[in-house]
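Coordinates in review
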Amino acid sequence: ALKVAIVGRPNVGKSTLFNRLVGKRLALVDDRPGVTRDRRYADGNIGDMDLTLIDTAGYEDVTDESLEARMREQTEAAIDDAELILFMMDAREGVTSLDRIFADRLRKVDKPVILLANKSESRESGGGVGEAHGLGFGEPVALSAEHGEGMADLYQAILAATSDMVLAESDAEEADKPIRIAVIGRPNAGKSTLINRLLGEDRLLTGPEAGITRDSISVDWDYEGRAVRFVDTAGMRRKARVQEKLEKLSVADTIRAITFAEVVVLVMDKDNAFDIQDLQLADLVEREGRALVYVASKWDLEDEPQARLAELKRLADDKLPQLKGSPFVALSAHSGRGVERLMPAILQAWDTWSVKVKTRDLNDWLALAVQRHPPPAVDGKRIKPKYIAQTKARPPTFVLFSSRASAMPDHYKRYLVNSIRESFDLPGTPIRLTVKSGS
Ligand code: GDP
């Protein structure tokens, strides 16, 4: 979660905002060990973004002359710990000399700072906001912490200030984790034969790298320097339980494999590929937001490989347009032909799925996309998309702020998603777009 400190002089409304962002979970607020009692930490959120909030309001009760020193101490500690600073002032009172002291300090901080003009519920009374610009943090975000107004604008400002940073961080966290791969498909599609061919027969369930527990089986593997892990596949399962005679397609097993995996390899017998069950599986992968690779197996038995491959690719595009462009590999686990193309396809799907688009590039794209194809007018008023940021990768997830967000038709959202897909080269991968109202 992003660590956010709320700072500012007493009584501007820091605790009110803190409580609003923490919401019902306030009960969980707890002084962390080793932290002075004045500073509160709590988990909260704004929109779909998780936050750890640091409140500095504790000193406000102190009325003796040590106020300034304590305030400074609290603020310093919070600034130190936070990744983002919300600097709050009172819009009704305008900029005070104490606000200026805070501003002088915060201008030297090497972290994003967002200026909030609180108590803006009656906007006409916000006469002091004009001078706020002079504090050096740009246009303040007008809000009313007490009445919950301006929260969409705050969310947007937080995204604008931090989305690139947050995405880069999640990258670092993921850096040394193996890429999790599940191989799914109907019984007899050729899954176990393929896995055995890929990993080598005897390393499948022996050796220290094979982790077998009662409920899940996984094999860690190194493919050209990248750590990969095959999770919970039916073929492995069958080998582990030798006495099990017949392998059934267990929907529960398949769903679990999909949820554990990052990339899902859907193995289909070339003769009956893309029948109804395959379509359901592929659709499930898309809905779960995983990357997908199609495999047509037993290709050694195909008499007209060229024509059949073209036909299968056409089928894929027709029946699963939402996954158009997912890698497609035709192979034979028996002869080994085409198997060498599988891992590169998996890594390619993973890379696409992990893409991070810079906020600036996204907004450049948005301006062009809207210009090329403006949104329709609803009740005589235009829907105006304003701002977009990527909030998560894996799968790529975007939030778009727009006026009249709830009136935006689905076909327009699809246009935007398709345009993102093309502009940023994201074939096949699931893309999530939420539209929120924002000014
Ligand atoms: P699973 O149930 O998906 O794990 O399928 P299996 O790997 O057990 O394979 C089912 C049947 O298809 C077996 O009889 C395999 O020998 C056969 N098979 C698997 N891959 C190939 C292949 O590349 N070519 C041919 N000709 N047969 C294959």
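Residues numbered from 1 in each chain as written. Predicted model: local features only at pLDDT ≥ 70, side-chain atom pairs only at ≥ 80, totals over all residues.

The name an unreviewed UniProt entry assigns to the protein is GTPase Der, from the organism Brevundimonas viscosa. On record in UniProt, under Subunit (unreviewed entry), the comment for the protein is "Associates with the 50S ribosomal subunit." (UniProt positions renumbered as here; feature names shortened; annotations may be inferred.)

What to know about the environment of A330
Mapped onto the elements of the fold, A330 is located in strand 13 (residues 328-330). Separated by 44 residues in the primary sequence, A330 and P374 have C-alpha atoms spaced 41 Å apart. Not counting the four nearest positions on each side in its chain, A330 is found in contact with A296, W299, P305, L309 and G338. (Helix = DSSP H or I, 4+ residues; strand = E, 2+ residues; numbered from the N terminus. Contact = placed C-beta atoms within 7 Å.)

A short note on the site of the ligand
In the region of the ligand, 18 residues are neighbours, and G190, K191, S192, T193 and H334 sit closest. At the level of elements, helix 6 (191-199) and helix 7 (234-240) are the ones that each hand at least two residues to the shell around the ligand. Looking at the shell around the ligand, the element that brings in the most residues is helix 6, giving three residues. For the shell around the ligand, the class distribution of residues is five nonpolar, nine polar and four charged. (Near = placed C-beta within 6 Å. Nonpolar A, V, L, I, M, F, W, Y, C, P; charged D, E, K, R; others polar.)

Topic: unusual backbone geometry
In this chain, R394 is followed by P395 through a cis amide linkage whose omega measures -5°. Its location among the elements puts P395 in the loop between strand 16 (385-392) and strand 17 (397-402). Non-glycine residue K119 carries a positive phi angle of around 60°. Within the secondary structure, K119 is located in the loop between strand 5 (113-118) and helix 4 (129-132). Since 23 C-beta atoms lie within 10 Å of it, K119 is described here as buried. Even without being glycine, K298 reaches a positive phi, approximately 60°. Relative to the elements of secondary structure, K298 occurs in the loop between strand 12 (291-297) and helix 10 (305-319). (Buried ≥ 20, exposed ≤ 12 C-beta atoms within 10 Å, placed from the backbone.)

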